[in-house]
Amino acid sequence: MNEQPILEVKNLKQYFKVSRRFTVKAVDGISFKIMPGQTYGLVGESGSGKSTTGRSIIRLYKPTEGEIIFNGKNISGNMSKDELKLLRTKMQMIFQDPMACLNPRRKVMDIIAEGLDIHHEYENEQDREKKVYEMLELVGLSKEHAHRYPHQFSGGQRQRIGIARAFIMHPQLIIADEAISALDVSIQAQVVNLMKKIQKKTNTAYLFIAHDLSMVKYISDHIGVLHLGHLVETGTTEEIFNNPIHPYTKSLLSAIPEPNPRVEKHRKSQTYDYESSGINYLEGTKHLVDGTHYVLATDEEFAQWTR
Ligand SMILES: Nc1ncnc2c1ncn2[C@@H]1O[C@H](COP(=O)(O)OP(=O)(O)OP(=O)(O)O)[C@@H](O)[C@H]1O
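All figures in this text were calculated on a predicted structure; none of them were measured in a lab.

Definitions and cut-offs
Residues numbered from 1 in each chain as written. Predicted model: local features only at pLDDT ≥ 70, side-chain atom pairs only at ≥ 80, totals over all residues. Helix = DSSP H or I, 4+ residues; strand = E, 2+ residues; numbered from the N terminus. Buried ≥ 20, exposed ≤ 12 C-beta atoms within 10 Å, placed from the backbone. Contact = placed C-beta atoms within 7 Å. Pairing = 2+ DSSP bridges. UniProt positions renumbered as here; feature names shortened; annotations may be inferred. Near = placed C-beta within 6 Å. Nonpolar A, V, L, I, M, F, W, Y, C, P; charged D, E, K, R; others polar. Core = buried A, V, L, I, M, F, W, Y, C linked by C-beta atoms within 7 Å. Axes fitted to C-alpha atoms, helices over the stretch in contact; angles between N-to-C directions. Parallel < 35°, antiparallel > 145°, perpendicular 65-115°, else oblique. Left-handed = near helix turned anticlockwise from the far one by under 90°.

Student: Account for the overall build of the protein, with residues named and values stated.
Tutor: A tally of helices and strands in the protein yields 14 helices and 13 strands. Among the 307 residues that make up the protein, the fraction classed as buried is 37%. Long-range pairs, those at least 24 residues apart, make up 66% of the contacts in the protein between residues at least 6 apart in sequence.

In structure tokens form, the structure reads like this:
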């Protein structure tokens, strides 16, 4: 296995100056990494900084501070137009509302082939068509669908088109920003399963951004919980679900619409036992750490947990 992360975010800060006196600290010093073929779920409420994180990584913004290492290369500094163009083949984004980003006047064939057209990555018309058909097959649609317009599809099918468009450039990282949030729960599950299947085939890494944890559980290897621009807790999916520590993570978990009674029972009887947990205070930071499981603590919280 390739041990180098495909993405490493180090102390990323993204501030927006909204007036002479006010600056919004949308993302305020977050760090995480994603290995090839793995999924990092980034969760948090509206306004916590999830989209800003994704947009900074794909360099729609220039980071205020910190480093973004993609495939071993620091991409947080100034980039030329050509460098950005290249970056956005290897890193693709899938959005929440496919209808808003699929041109209604273009046929699916041309929508999916967009990346190929921009980068002249086909030999002739036949080759272009073949590549689009391959992508349609990959996402469970058929050749005939290539000749229709976006409005002739359901929400779930449109999201499949968005996925096909992203994968045609063989990206190493996909940033899925609330990609399934607008879909019915059963369709959400289908899209998540499809993304997992494609990931197995292609070894693409995902940054999966979502405001609720229900589907994130099924796709993520690691989860980061974002709150007001800070990562308040990060760990394996198992750690976050079985042993959430930060009160904010707990409140997100309790907001999952269909609670699993077994988990609930376990959660209610759980009081956090610092002494026997083996969790240590990470010196020089406000994090409690246990292996890969980090929790941001305020001084009061830290005192409460260690009492
Ligand atoms: N371009 C911008 N200029 C000024 N403030 C911004 C800008 N983009 C985002 N913000 C602010 O940064 C904070 C984080 O926004 P962001 O969209 O990243 O949150 P989010 O977690 O993705 O929420 P949502 O799910 O509602 O999109 C918010 O307070 C938002 O108003």
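Student: Lay out the pairing of strand 2 (residues 23-34) with the relevant residues and their values.
Tutor: Note that strand 1 (residues 7-17) and strand 2 share nine bridges and pair antiparallel. Note that in strand 2 the partner of Leu12 across the bridge is Ile30. From the end of strand 1 to the start of strand 2, which pair antiparallel, there are five residues.

Student: Please provide a residue-by-residue account of the UniProt feature "domain: ABC transporter" (unreviewed entry) in the protein, values included.
Tutor: Under the UniProt annotation, the feature "domain: ABC transporter" (unreviewed entry) is placed at residues 7-253. The span residues 7-253 is 38% helical and 26% strand by assignment, and the distance between its end C-alpha atoms comes to 27 Å.

Student: Any chance you could break down the site of the ligand for me, citing the residues and the numbers?
Tutor: Around the ligand there are 13 residues in total, and Phe16, Ala26, Ser46, Ser51 and Thr52 lie nearest to it. Contributions of two or more residues to the shell around the ligand are made by strand 2 and helix 1 (50-57). With three residues, the single largest contributor to the shell around the ligand is helix 1. The residue inventory of the shell around the ligand, partitioned by class, reads four nonpolar, eight polar and one charged.

Student: Give a description of helix 1 that names residues and reports values.
Tutor: Counting buried positions over the eight residues of helix 1 gives seven, a clear majority of the element. Among the residues of helix 1, Lys50, Ser51, Thr52, Thr53, Gly54, Ser56 and Ile57 are the ones counted as buried. Backbone geometry just after helix 1 places Arg59 at a positive phi near 65°.

Student: Account for the sheet that holds strand 2, naming residues and giving values.
Tutor: Strand order in this open sheet of four strands is 2-1-4-5, and the pairing throughout is antiparallel. The open sheet has two edge strands with one neighbour each: strand 2 and strand 5 (73-74). Judged from the five bridges that link them, strand 1 and strand 4 (residues 65-70) form a sheet pairing that is antiparallel. From the neighbouring strand, Leu7 faces strand 4, where its bridge partner is Phe70.

Student: Describe the nonpolar core, listing the residues and the values that go with them.
Tutor: In this structure, Val43, Ile112, Ala164, Ile175, Leu207 and Phe208 are the most contacted members of the largest nonpolar core, which totals 69 residues. The dominant element in this core, judged by the number of residues it contributes, is strand 8 (residues 205-210), at six residues. With sequence-adjacent residues up to four places away left out, Val43 is seen in contact with Ala210, His211, Leu213, Val216, Ile223, Val225, Leu226 and Leu252.

Student: Explain unusual backbone geometry residue by residue, including any values.
Tutor: Although it is not a glycine, Glu178 adopts a positive phi angle of roughly 50°. Turning to its location among the elements, Glu178 is positioned in the loop between strand 7 (173-177) and helix 8 (185-202). When the 19 C-beta atoms within 10 Å are taken as the criterion, Glu178 is described as partly exposed. Phi at Asn203 is positive, roughly 65°, even though this residue is not glycine.

Student: Mind laying out the environment of Ala166, listing which residues take part and the relevant values?
Tutor: Structurally, Ala166 is set in helix 7 (residues 155-167). Sequence-distant contacts of Ala166, defined by excluding residues within four places in its chain, comprise Gln92, Ile94, Pro171 and Ile174.

Student: Outline the packing of helix 7 against helix 8, listing residues and values.
Tutor: It is at 10 Å that the axes of helix 7 and helix 8 come closest, and there the two elements cross at 20°. As the angle between them shows, helix 7 and helix 8 are arranged roughly parallel. Two packed elements cross with a definite hand, and for helix 7 against helix 8 that hand is right-handed. In this structure, helix 7 uses Gly155, Gly156, Gln159, Arg160, Ile163 and Phe167 to contact helix 8, whose residues at the interface are Ile187, Gln190, Val191, Leu194, Met195 and Ile198. By residue class, the composition of the contact of helix 7 with helix 8 is seven nonpolar, four polar and one charged.

Student: An account of the environment of Leu183 is requested, with residue identities and associated values reported.
Tutor: Relative to the helices and strands, Leu183 is located in the loop between strand 7 and helix 8. With 21 C-beta atoms counted inside 10 Å, the residue Leu183 sits in the buried group. Placed 29 residues apart in sequence, Leu183 and Ser154 show a C-alpha to C-alpha distance of 9.8 Å. For Leu183, the contacting residues outside a window of four places in its chain are Gly155, Gly156, Gln159, Gln188 and Val191.

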